[in-house]
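Commentary on secondary and tertiary structure
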Amino acid sequence: MEESDEDESILSGFKKVQDKSSVDGFAEGLSDGRDAVFQQGFDAGFEDAFKFAFILGQYKALKGPISLENTSRGECLTCLDANLVKLDLKILREKQISKNTERISQLKTDFGEISYENETKN
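Residues numbered from 1 in each chain as written. Predicted model: local features only at pLDDT ≥ 70, side-chain atom pairs only at ≥ 80, totals over all residues. Heavy atoms only, no water.

**Re helix 3 (residues 89–111)**
Over its 23 residues, helix 3 extends 32 Å from the first C-alpha to the last, a length consistent with the 33 Å expected when each residue adds 1.5 Å. What helix 3 keeps buried is the set L92, Q96, N100, R103, I104 and L107. The opening residue of helix 3 is D88, an N-cap whose side-chain oxygen sits 3.0 Å from the backbone nitrogen of K90. Following helix 3 by one or two positions, G112 adopts a phi angle in the positive range, close to 85 degrees. (Helix = DSSP H or I, 4+ residues; strand = E, 2+ residues; numbered from the N terminus. Expected span 1.5 Å × (residues − 1). Buried < 20%, exposed > 50% of the residue type's maximum accessible area, 1.4 Å probe, protein only. Polar contact = N/O pair within 3.5 Å; in protein donor to acceptor, adjacent residues only side chain to side chain.)

**A look at the environment of A49**
By the secondary structure assignment, A49 is in helix 1 (residues 3–62). Taking the relative accessible area as the measure of exposure, A49 reaches 42% and is therefore partly exposed. Spatially, the C-alpha atoms of A49 and E75 are 9.8 Å apart, while their sequence positions differ by 26 residues.

**Topic: the nonpolar core**
Among the nonpolar cores identified, the biggest contains six residues, and these are F52, L56, Y59, I104, L107 and I114. Looking at this core, the elements that each hand over two or more residues are helix 1 and helix 3. If you tally residues by element for this core, the top one is helix 1, at three residues. (Core = buried A, V, L, I, M, F, W, Y, C linked by side-chain atoms within 4.5 Å.)

And the structure:
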């Protein structure tokens, strides 16, 4: 085998490794980016849901035996209509936040503001 053939073989092997590394790096970058976006979306949705569930839980706990309709699924738009998952997520989130805001407003109207102070006077 001549030296020029050996050089070509080495260069060809290097080019294959370089191409594979580029493809693998690109795929890994896509995966990392996708994971970051999913995590951001999850974090935002989790925060929205937690805040609303916390307020709802306060009304259930602090306002005594009030009758609230089924709240385990009844407040989630996509639980009520699975077709909503086809919407743009930003629009779906806005719709859910709007529904939650209306619900909290209705609770305040029906049962008053939640007070953390002792309401009995000594």
